Amino acid sequence: AVPVELSLPLEYLAINFNFIAITAKVGSSVWETSMLPKGDGTHFIALPAKVRKKEKLLFGDEVEISFETRERKRNK
């Protein structure tokens, strides 16, 4: 989950179903993704299986994720 105090100021960047385009980083893994809406006004960042495997993350582990917003092309 992304804390509301971090995602709320970025909502102006949201397009296509309220996704916010970001580049995320966990450990040495970096990937392009989006903050995904949870439906209650908050967002989350999904951790792909390849990142979990590379970083040796297990279910229940606390994870620190850093991210930067990126420009996303709008569909015409």
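What follows covers the sheet that holds strand 4 (residues 66-69). One open sheet accounts for four strands, arranged 3-2-1-4; its pairing is antiparallel. Where the open sheet ends on each side, the last strands, each with one partner, are strand 3 (43-44) and strand 4. As paired elements, strand 1 (residues 20-26) and strand 4 share four bridges and run antiparallel to each other. Across the sheet, the residue bridging to alanine 24 is phenylalanine 67, located in strand 4.

What follows concerns the side chain of histidine 43. Following the sequence through the fold, histidine 43 ends up in strand 3. For histidine 43, a relative accessible area of 0% gives the class buried. In this structure the side chain of histidine 43 is engaged in a polar contact, spanning 3.1 Å, whose partner is the backbone oxygen of asparagine 18. Histidine 43 has contacts with Ala1, Val2, Ser7, Glu11, Asn18, Ile20, Met35, Leu36, Pro37 and Lys38, leaving out every residue within four places of it along the chain.

This part is about the confidence of the model for the chain. In the predicted model, the chain carries a mean pLDDT of 90, and 93% of its residues have values of at least 70. Element-level mean pLDDT values for the chain span from 91 in helix 1 (residues 4-7) up to 97 in helix 2 (residues 49-54).

Reported here for the largest pocket is a volume of approximately 170 Å³. If you trace the largest pocket, you find it lined by Ala1, Val2, Pro3, Leu6, Ile45, Leu47, Val63, Glu64, Ile65 and Phe67. Of the residues belonging to the lining of the largest pocket, the class tally is nine nonpolar, no polar and one charged.

What follows deals with the environment of serine 7. Here serine 7 lies in helix 1. It is 9.9 Å that separates the C-alpha atoms of serine 7 and proline 37, two residues lying 30 residues apart in sequence. Contacts of serine 7, omitting those with residues within four sequence positions, involve Val2, Ile20, Met35 and His43.

The rules behind each value
- Residues numbered from 1 in each chain as written.
- Predicted model: local features only at pLDDT ≥ 70, side-chain atom pairs only at ≥ 80, totals over all residues.
- Heavy atoms only, no water.
- Pairing = 2+ DSSP bridges.
- Helix = DSSP H or I, 4+ residues; strand = E, 2+ residues; numbered from the N terminus.
- Buried < 20%, exposed > 50% of the residue type's maximum accessible area, 1.4 Å probe, protein only.
- Polar contact = N/O pair within 3.5 Å; in protein donor to acceptor, adjacent residues only side chain to side chain.
- Contact = heavy atoms within 4.5 Å.
- pLDDT = per-residue confidence, 0-100.
- 1 Å grid on protein atoms, 1.4 Å probe; cavity = no way out; pocket = protein on both sides within 12 Å on 5 of 7 lines; lining within 4 Å.
- Points joined across faces, edges and corners; volume = space filled by probe spheres on them.
- Nonpolar A, V, L, I, M, F, W, Y, C, P; charged D, E, K, R; others polar.

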